[in-house]
Amino acid sequence: QVQLVESGVGLVQAGGSLRSSCAASRSILCIDVIVWYRQAPGKQRELVATITCGGSSTNYAEFLQGRFTISRDNANNTVYLQMNSLKPEDTAVYYCNLARGSVEYWGQGTQVTVSS
């Protein structure tokens, strides 16, 4: 069992930056794939970014247009999502997800609000 705890709740103005963290209660293994999702009010959850072992492979949703960066610190069992040039439409609850084989773990989510 792995518990994930997100942090980085924030209220920022459009154009600002915020970094969210996802800390795992146990060691993040090289086989783990970490994914950040987000869900805005009244919308379906959508994938934001993924990262594989050692950060060797990352993928991002096209709508981000290079504004976000996902990274992982395996030594500290933490994954980060750096969000730059934030827009009001980025307002959502952000969730981290750890996939270990066929098992998935979810964090409780962290609220990001971007004001115009």
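Preceding this paragraph is the structure being described.
Calculation criteria
Residues numbered from 1 in each chain as written. Predicted model: local features only at pLDDT ≥ 70, side-chain atom pairs only at ≥ 80, totals over all residues. Heavy atoms only, no water. Phe/Tyr/Trp six-rings, centres within 6.5 Å; stacked < 30°, edge-to-face > 60°. Helix = DSSP H or I, 4+ residues; strand = E, 2+ residues; numbered from the N terminus. Buried < 20%, exposed > 50% of the residue type's maximum accessible area, 1.4 Å probe, protein only. Pairing = 2+ DSSP bridges. Axes fitted to C-alpha atoms, helices over the stretch in contact; angles between N-to-C directions. Salt bridge = Lys/Arg side-chain N within 4 Å of Asp/Glu carboxyl O. Contact = heavy atoms within 4.5 Å.

Caption draft 1: Main features of the packing of aromatic side chains. A full pass over the atoms with the stated rule returns two aromatic pairs. Here the aromatic rings of Y37 and W106 are separated by 5.1 Å at their centres, their planes lie at 40°, and the arrangement is tilted. Taken as a pair, Y37 in strand β4 (residues 33-39) and W106 in strand β10 (residues 103-106) lie far apart in primary sequence, 69 residues in all. Ring geometry for Y95 and W106: centres 6.5 Å apart, planes at 80°, overall edge-to-face. Here W106 lies in strand β10 and Y95 lies in strand β9 (residues 92-100), a separation of 11 residues in the sequence. You can call Y95 buried: its relative accessible area is 15%.

Caption draft 2: Spotlight on the sheet that holds strand β1 (residues 4-7). If you walk across this open sheet you meet the four strands as β1-β3-β8-β7, and the pairing is antiparallel. What marks the edges here is a single partner per strand, and that holds for β1 and β7 (68-73). Each strand of the sheet is rotated relative to its neighbour by a mean of 15°, with strand direction disregarded.

Caption draft 3: View of the pattern of salt bridges. Applying the stated criterion across every chain, the model contains four salt bridges. Of the charged contacts in the structure, one is a salt bridge between E46 and R38, with a shortest N-O distance of 2.7 Å. Residue classification places E46 among the partly exposed positions, given a relative accessible area of 30%. For R38, a relative accessible area of 6% puts it in the buried group.

Caption draft 4: Examining the side chain of S20 more closely. Assignment of secondary structure puts S20 in strand β3 (residues 18-24). In this structure, S20 is in contact with S7, G8, W36, V79, Y80, L81, M83, T110 and V112, ignoring residues within four places of it in sequence.

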